[in-house]
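Structural characterization, general
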Number of protein chains: 2
Amino acid sequence: MQSKLGKILVVDDEKDIIQIVKYNLELNGYEVEIAENGVDAISKAKSFKPDLILLDIMMPHKDGIQTCIELRANSEYDDTLIIFLTAKSDEQSEIKGLELGADDYISKPIKPKLLVSRIHSAFRRLSKDDGKIISFPNLEINRERFLVKHNGVEVMLPRKEFELFSLLASKPGRVFLRNEILEKVWGSEVIVGDRTIDVHVRKIRQKLNADFIHTVKGVGYKFEI
Amino acid sequence: MQSKLGKILVVDDEKDIIQIVKYNLELNGYEVEIAENGVDAISKAKSFKPDLILLDIMMPHKDGIQTCIELRANSEYDDTLIIFLTAKSDEQSEIKGLELGADDYISKPIKPKLLVSRIHSAFRRLSKDDGKIISFPNLEINRERFLVKHNGVEVMLPRKEFELFSLLASKPGRVFLRNEILEKVWGSEVIVGDRTIDVHVRKIRQKLNADFIHTVKGVGYKFEI
DNA sequence: TAACGAGATTACGAAATTGTTAAGTTAGCT
DNA sequence: AGCTAACTTAACAATTTCGTAATCTCGTTA
């Protein structure tokens, strides 16, 4: 028997769905744990430490959105993938879900092959992510060289700016809360004022003279090309 | 029994082939581990730390090409040889494979003697290649003689300076953190003051009178021509 | 429309980091 | 012991980066 490819926590209130999903994932070499609602999910996540959480949106006892918010607020799950699983083909919630830090979105009814392939590729993305280089069509962020190359021009950013920028760029489209940014770039002990992040963001925008960083009022910032 | 010549990870989805290859390699003094697909290969590579990976191209669960790409993306395997093993006599894939960082290419059906001799010579190349000389257009660093030749002029650097310089030059462009430098040049036990590295850097810059070493404030130093 | 909330800008001083020089230290040689 | 080269350290200068306060801007709300 091959070693497990990864641990997945499946959260859904419908037992039929759980069974189908669990069966297919296990068949493909994943280790699966289940939870029936958000409250349960959070507690199982704590003990099971999954690499990926498949999260239904509509559930009693804390819905998927809320659960996602709470998970993402805890830096312990920074490296945990979250994929929403939902019957709503509602685009609103898709956007909302992804902005909240989910990594993908799969609609019901579930097609096993599709499910497995999406999960495979999510894992692939994750494992690639320790990569030293984040690249986009006209932008490349090289963590090894501490260099940003924009339209062929190399730009040197000072440490904080670089860290902030590469944090945001590490998950394009995902909104980072101001707290989260402070936590990751400045660390939990350091306390800096309210405007500090803004000022750094401004300097980055200025130096790259482009708007890769988008403001989400009242929430935080996100990177998007 | 002689000591092992080297560790080889054999990756193929056909068990017959694995058996033939494994048998022949072990007969010739190599230590062999096996994997049946790309995913498995990557995980085995991590734990087994092979010197050479024999990689089949066509496999389920991540093909050889993809596996090679992922391995080569990780600098941990910079010194690992990769040899493709495939039934395709297709030249396209040969070129593609070699471009991706593979070191050789062996076609099926496998002839044991040929296989072993190709592997022997791959190892021979590797052992030669732990190169004592790092060279650039107008700069040559000879690790064997502790000599740096810049624009034809030989410069003798004292030990620490030489080690520091050749460490940085071993990965041009890559930023070495101050910690990293201390760890590798001075060792983990020795504790030296804050300015020690700077002073050495200064002396190197002075003696070569050129700016191969660039400062990345708040981070470290990097070598760049 | 005035008041308000959130972010954007700016400029500036404090803090952190590196550069430079010169003066110790140490180890090996003669 | 005396000498020398290699290393370290100390002290201070030079730079760069960072954080903050003060002031704007803009959209929203009462």
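Residues numbered from 1 in each chain as written. Chains lettered and ligands numbered in written order. Predicted model: local features only at pLDDT ≥ 70, side-chain atom pairs only at ≥ 80, totals over all residues. Heavy atoms only, no water.

Focus on the overall build of chain A
Test applied: Note on conventions: DSSP H or I runs of at least 4 residues are helices, E runs of at least 2 residues are strands, and numbering of each starts at the N terminus. Working definition: with a 1.4 Å probe on protein chains only, accessible area under 20% of the residue-type maximum means buried, over 50% means exposed, and in between means partly exposed. The contact criterion used throughout is that any non-hydrogen atoms of two residues lie within 4.5 Å.
Each helix and strand counted, chain A has 8 helices and 12 strands in total. For chain A, with 225 residues in total, the buried portion stands at 44%. Within chain A, contacts between residues at least 6 apart in sequence are counted, and of these 55% link residues at least 24 apart.

Let's talk about the confidence of the model for chain A
Residues and elements named next belong to chain A. Applicable threshold: Looking at any residue, its pLDDT shows the predictor's confidence there, from 0 to 100.
When the pLDDT values of chain A are averaged, the result is 83; 87% of them are 70 or greater. Mean pLDDT values over the elements of chain A span from 50, in helix H4 (residues 91–99), up to 96, in helix H8 (residues 196–208). Across residues 91–95, confidence stays below pLDDT 50; counting only partners more than four residues off in sequence or on other chains, it has 4 contacts.

Looking at the interface of chain A and chain B
Our working definition: Two parts placed together each lose some accessible area under a 1.4 Å probe, and the buried area is that loss summed for both. Think of a salt bridge as a Lys or Arg side-chain nitrogen and an Asp or Glu carboxyl oxygen that are within 4 Å of each other. Only Asp, Glu, Lys and Arg are considered charged, only Ala, Val, Leu, Ile, Met, Phe, Trp, Tyr, Cys and Pro nonpolar, and every remaining residue, Gly among them, polar.
In this assembly, 13 residues from chain A lie in contact with 18 residues from chain B. Around 1,100 Å² of area is buried between chain A and chain B when both sides are counted, 53% of it from carbon and sulfur atoms. Among the residues chain A hides against chain B, the three largest losses belong to Glu144(A), Arg145(A) and Phe146(A). Together they make up 38% of the total. If you look at where chain A meets chain B, you find 1 salt bridge. When residues in the side of chain A that touches chain B are grouped by element, the largest group, 3 residues, is from helix H5 (residues 112–128) of chain A. Partitioning the side of chain A that touches chain B into residue classes produces 4 nonpolar, 4 polar and 5 charged.

Thoughts on helix H7 (residues 178–186) of chain A
Along an α-helix, residues three or four apart share an orientation, since each turn contains 3.6 residues. Residue and element names in this part refer to chain A. Looking only at H7, the buried set comprises Glu180, Ile181, Val185 and Trp186. Buried residues belonging to H7 abut helix H3 (64–72), helix H6 (159–170), strand S10 (175–177), H8 and strand S12 (220–223). Among the residues trailing H7, Gly187 stands out with phi positive, at a value near 90°.

Some remarks on the protein's contact with DNA strand C
How we decide: Consider each residue's heavy atoms; a residue with any of them within 4 Å of a molecule or strand counts as near. Identification of polar contacts relies on pairs of N or O atoms within 3.5 Å, with a donor-acceptor requirement for protein atoms, meaning one able to donate a hydrogen and the other able to accept it, and with residues adjacent in sequence counted only if both atoms are side-chain atoms.
Near DNA strand C there are 20 residues, and of these Thr215(A), Tyr221(A), Arg202(B), Thr215(B) and Tyr221(B) occur at the shortest range. Restricting attention to atoms of DNA strand C within 4 Å of the protein, one finds that 71% of them are sugar or phosphate atoms. Within the side chain of Arg205(A), a nitrogen or oxygen atom sits 3.2 Å from a phosphate oxygen of DNA strand C. At a separation of 2.6 Å, a phosphate oxygen of DNA strand C approaches a polar side-chain atom of Thr215(B).

Some details on the protein's contact with DNA strand D
Within the structure, DNA strand D sits among 22 residues, and Trp186(A), Gly193(A), Trp186(B), Gly193(B) and Lys217(B) are positioned closest to it. Considering DNA strand D, the proportion of its atoms within 4 Å of the protein that are sugar or phosphate atoms stands at 73%. In the environment of DNA strand D, a phosphate oxygen lies 3.3 Å from a nitrogen or oxygen atom belonging to the backbone of Lys160(B). A per-class count over the surface near DNA strand D returns 8 nonpolar, 6 polar and 8 charged.

Notes on unusual backbone geometry
Residues and elements named next belong to chain B. The phi angle at His61 is positive, at roughly 50°, despite the residue not being glycine. Mapped onto the secondary structure, His61 falls in the loop between strand S3 (52–56) and helix H3 (64–73). One non-glycine residue, Asn151, lies in positive phi territory at about 50°.

With respect to the sheet that holds strand S11 (residues 213–216) of chain B
Residue and element names in this part refer to chain B. Selection rule: At least two DSSP bridges between two strands are required for those strands to pair. Under this scheme, a helix contributes an axis fitted over its contacting stretch, all axes are lines through C-alpha atoms, and angles between N-to-C directions fall in the 0 to 180 degree range.
Sheet architecture is open: 3 strands sit in the order S10-S12-S11, paired in antiparallel fashion. Strands with a single pairing partner mark the edges of an open sheet, and in this sheet they are strand S10 (175–177) and S11. Neighbouring strand axes in the sheet, compared pairwise and without regard to direction, differ in orientation by 30° on average. Two strands pair when backbone bridges link them, and S10 and strand S12 (residues 220–223) are joined in this way by 3 bridges, in the antiparallel orientation. Residue pairing across strands places Val175 opposite Lys222, the latter belonging to S12.

Here we look at the sheet that holds S10(A)
Residues and elements named next belong to chain A. With antiparallel pairing, 3 strands are arranged side by side in an open sheet as S10-S12-S11. If you trace the sheet from one side to the other, it starts and ends with S10 and strand S11 (213–216), each paired once. Sheet twist, expressed as the mean angle between neighbouring strand axes with direction ignored, is 30°. On top of the sheet, H7 reaches S10 and S12; it is set at about 75° to S10, its chief contact. Seen against the sheet, H8 touches S11 and S12 and runs at an angle of roughly 145° to S11.

Comments concerning the pattern of salt bridges
Oppositely charged side chains can form a pair if their charged atoms are brought close together. The final tally for this structure, using the stated rule, is 20 salt bridges over all chains. Between Lys44(A) and Asp40(A) there is a salt bridge; the shortest N-O distance is 3.5 Å. Separated by 4 residues within a single helix, Lys44(A) and Asp40(A) lie in helix H2 (residues 38–48), roughly one turn from each other. With a closest N to O distance of 3.7 Å, Glu36(B) and Lys15(B) form a salt bridge. Placement of Glu36(B) in the loop between strand S2 (30–35) and helix H2 (38–48) and of Lys15(B) in helix H1 (residues 15–27) is noted, with a sequence separation of 21 residues between them. Its relative accessible area of 32% is what places Glu36(B) among the partly exposed residues. For Lys15(B), a relative accessible area of 53% corresponds to the exposed category. Each of Arg145(A), Lys222(B) and Glu224(B) takes part in a single network of salt bridges with overlapping partners.

Structural notes on H2(B)
Residues and elements named next belong to chain B. Filter applied, for reference: What the arc covers is the set of directions going from the helix axis to the C-beta atoms.
Along H2, the residues classified as buried are Gly38, Asp40, Ala41, Ala45 and Phe48. All buried residues of H2 lie within an arc of 145° about the axis, which places them on one face of the element. Among the exposed residues of H2, those oriented more than 90 degrees off its buried face are Lys46 and Ser47. Those residues of H2 that are buried lie in contact with strand S1 (6–11), S2, S3 and H3.

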